[in-house]
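Read off the chains here:
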Amino acid sequence: MTMHIRPSELDWESFHDPHGRPTTPTRILRASEPFLIEADFPANFHAGLHWHPHDTIYVITRGEMRIGEEGSFSPGDIRWVKAGHRYGPEEAGEEGVQFHLFSLGGDIGLNWADLYEVPEALTERLRQFQQPAGRRRVDDMPVVGPDDALPGWDQMPDEGPLIFRVNMNPSDEQAGFCPGFDCVWYLLDGSVLVNGDTAVARGEFFCADADESFSLNASAQGAQWMVFSNRSLQPL
């Protein structure tokens, strides 16, 4: 379903953990596929070993997060992890960490590794991949114009999600932009007017359906956004 999301208009609430373990503030950006939240870990917050039931993407926007043997993540980093991969701990830095979380395939589930076994179907799927988790930099993602051929899975640097950037020069117009797959746009810079009535600005999201085409008008400052496919590589 096409949807414009302005995080600043949404309230922060506590992430619910049925086992009573400490949680942090979150904003529910989208409560249907793809599920999107924004999380804010306070300084030195610690989350133990856990796994997610669906492939998950992190986009770090502020502060620092350390994740087990994966190391430190900072603004501009994209972290991805396959469903069923146990990892941790997650530890916020001295100034805390803020990030967006995308769940591809269903609700954003948090399964503590000491309480929940990974289902065999997820374990079997993990065996198909060379690596269960990875990192990228936003600035390293392929960049195209809205009238160019869009990147595919063969242009991704690893087995993670399909992500690329779309760039429009100041005041550029495009009559019909159709990615051809369900996706989420995340505005990095500038703003873009979609279909003449929806202004999507920096830090905001736009969810686009596969079968829709969109007219685009870039602002006087231009516009650049990331496109995330809602579909995982080799989904269940």
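Look up: the structure comes first, before these words.
Let me sum up the structure you'll find in this document. The written sequence of each chain sets the order in which its residues are numbered from 1. A pLDDT threshold of at least 70 governs which residues receive local features in this predicted model, and a stricter bar of 80 or more applies before side-chain atom pairs are shown or counted, although totals over entire chains, interfaces and linings include all residues. Think of the side-chain values as coming from all heavy atoms in the structure, minus any hydrogens and water.

### Concerning the pairing of strand β4 (residues 35-41)
Here is step 1: For β4, the tally of buried residues reaches 6 of 7 residues, placing the bulk of the element in the interior.
Here is step 2: Remark: 4 residues form the turn of the hairpin made by strand β3 (residues 25-30) and β4, two consecutive strands paired antiparallel.
Here is step 3: For two strands to count as paired, DSSP must find a minimum of two bridges between them. Helix and strand assignments follow DSSP, with helices taken as H or I runs no shorter than four residues and strands as E runs no shorter than two, numbered in order from the N terminus. Across 7 bridges, the pairing between β4 and strand β10 (residues 90-104) is antiparallel. Looking across to β10, one finds that I37 is bridged to L101. Here's how the labels work: a residue is buried when its accessible area is under 20% of the maximum for its type, exposed when over 50%, partly exposed in between, all with a 1.4 Å probe on protein chains only.

### Comments concerning the environment of W153
Here is step 1: Note that W153 resides in the loop between β13 (143-144) and β14 (163-168).
Here is step 2: Taking the relative accessible area as the measure of exposure, W153 reaches 29% and is therefore partly exposed.
Here is step 3: A C-alpha to C-alpha distance of 8.1 Å links W153 and L233, two positions 80 residues apart in sequence.
Here is step 4: Look past the residues within four positions of W153 in its chain and what remains in contact with it is G160, P161, L162, R231, S232 and L233. Should any heavy atoms of two residues lie within 4.5 Å, those residues are considered in contact.

### Quick look at the pattern of salt bridges
Here is step 1: Should a side-chain nitrogen of Lys or Arg be within 4 Å of a carboxyl oxygen of Asp or Glu, the pair is scored as a salt bridge. Under the counting rule described, the total for this entry stands at 15 salt bridges.
Here is step 2: Across the pair R6 and E9 runs a salt bridge, and its minimum N-O distance is 3.8 Å.
Here is step 3: For R21, the salt bridge identified is with D114, shortest N-O distance 2.9 Å. With R21 in the loop between β2 (13-14) and β3 and D114 in the loop between β11 (111-112) and α1 (120-126), this pair connects stretches of sequence that are 93 residues apart.
Here is step 4: On the accessibility criterion, R21 (28% relative accessible area) is partly exposed.
Here is step 5: In the salt-bridge network here, residues are joined through shared partners; they are R6, E9 and E204.

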